[in-house]
Amino acid sequence: EAGVAQSPRYKIIEKRQSVAFWCNPISGHATLYWYQQILGQGPKLLIQFQNNGVVDDSQLPKDRFSAERLKGVDSTLKIQPAKLEDSAVYLCASSLSDSPWKQYFGPGTRLTVT
Amino acid sequence: EDQVTQSPEALRLQEGESSSLNCSYTVSGLRGLFWYRQDPGKGPEFLFTLYSAGEEKEKERLKATLTKKESFLHITAPKPEDSATYLCAVSNMDSNYQLIWGAGTKLIIKP
């Protein structure tokens, strides 16, 4: 079966610019997650969707980050404006509703903010 | 505050040299503890789920164990392809399986 797809794989922007990341989860996976992973750290959950509804966005910096999940399938994460500290890998993951602990991750997007 | 601490940060072993990675956790009520493997440039890959103290899970050269305060990932006779970062995460009873992650242990197996 196809895995979680993410694009782009790499992005370099200047601070105060905007950027968007795209994720296509595994077919049939109702739950979708966006994580931020800073070098040398574990992933940090930004937002969790169940179908097209938000389950948890408590750690999402809402003044600059936004996310949506169109029709309960693909999702987009946006940062506007970017800060230097946003440099990280942004991981998308998906899971079945009845096994949320078994998350399938995409390859991530490495963002560098200069 | 729920917290996960992994040690050591990095571990270098010779091929065939067995060892263990540690994951210490503090959580209000443990729903589950999870081990993932992460290769460079890739997302984490699920390995094991442990729910209660005394539980053990095995997969090839890996065995995960759980106590009330920590989990160990034992690696027996490792091979170079076992080189990766091993991440530990926990979920508490109050959350909807939201995972709290440790920083990982980078394991390097030299041929």
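Residues numbered from 1 in each chain as written. Chains lettered and ligands numbered in written order. Predicted model: local features only at pLDDT ≥ 70, side-chain atom pairs only at ≥ 80, totals over all residues. Heavy atoms only, no water.

Looking at the overall build of chain A
Here's step 1: When helices and strands are counted, chain A shows zero helices and 11 strands.
Here's step 2: Reading the secondary structure of chain A in the N-to-C direction produces β-β-β-β-β-β-β-β-β-β-β.
Here's step 3: For 114 residues, the compact-globule estimate of 2.2 N^0.38 gives 13 Å, and chain A sits close to it at 13 Å.
Here's step 4: The proportion of buried residues among the 114 residues of chain A is 47%.
Here's step 5: Here the analysis covers contacts within chain A between residues at least 6 apart in sequence; of these, 54% occur between residues at least 24 apart.
Here's step 6: Of the roughly 5600 Å² that chain A leaves accessible, carbon and sulfur atoms contribute 50%. (Helix = DSSP H or I, 4+ residues; strand = E, 2+ residues; numbered from the N terminus. Rg over C-alpha atoms; globule rule 2.2 N^0.38 Å. Buried < 20%, exposed > 50% of the residue type's maximum accessible area, 1.4 Å probe, protein only. Contact = heavy atoms within 4.5 Å. Areas by Shrake-Rupley, 256 points an atom, 1.4 Å probe, with all protein chains shown as cover.)

Digging into unusual backbone geometry
Here's step 1: The omega torsion across Q80(A) and P81(A) is -5°, close enough to zero to call that bond cis.
Here's step 2: Inspection of the secondary structure puts P81(A) in the loop between β8 (75-79) and β9 (88-95).
Here's step 3: The residue after S7(B), namely P8(B), is reached through a cis peptide bond having omega -10°.
Here's step 4: Mapping P8(B) onto the fold places it in the loop between β1 (3-7) and β2 (10-14).
Here's step 5: With phi around 55°, E60(B) is a residue other than glycine that occupies positive phi space.
Here's step 6: Tracing the backbone shows E60(B) in the loop between β6 (56-59) and β7 (62-66).

Section: the side chain of T65(B)
Residue and element names in this part refer to chain B.
Here's step 1: Note on placement: T65 falls in strand β7.
Here's step 2: Overall, the relative accessible area of 14% leaves T65 in the buried class.
Here's step 3: There is a polar contact of 3.4 Å between the side chain of T65 and the side chain of H74.
Here's step 4: In contact with T65, not counting residues within four places along its chain, are L50, E55, E56, E70, S71, F72 and H74. (Polar contact = N/O pair within 3.5 Å; in protein donor to acceptor, adjacent residues only side chain to side chain.)

Some remarks on the sheet that holds β1(B)
Residue and element names in this part refer to chain B.
Here's step 1: Reading across from one edge, β1-β3-β8-β7-β6 is the order of the five strands in this open sheet, with antiparallel pairing throughout. Both edges of this open sheet fall to β1 and β6, since each of them pairs with a single strand only. Pairwise comparison of adjacent strand axes, ignoring direction, gives a mean angle of 15° for this sheet.
Here's step 2: Relative to strand β8 (residues 70-75), strand β3 (residues 19-26) runs antiparallel, the two being bridged by six bridges. Bridge pairing in β8 places N22 opposite F72. (Pairing = 2+ DSSP bridges. Axes fitted to C-alpha atoms, helices over the stretch in contact; angles between N-to-C directions.)

Function cannot be inferred from these measures alone, as they are strictly geometric.
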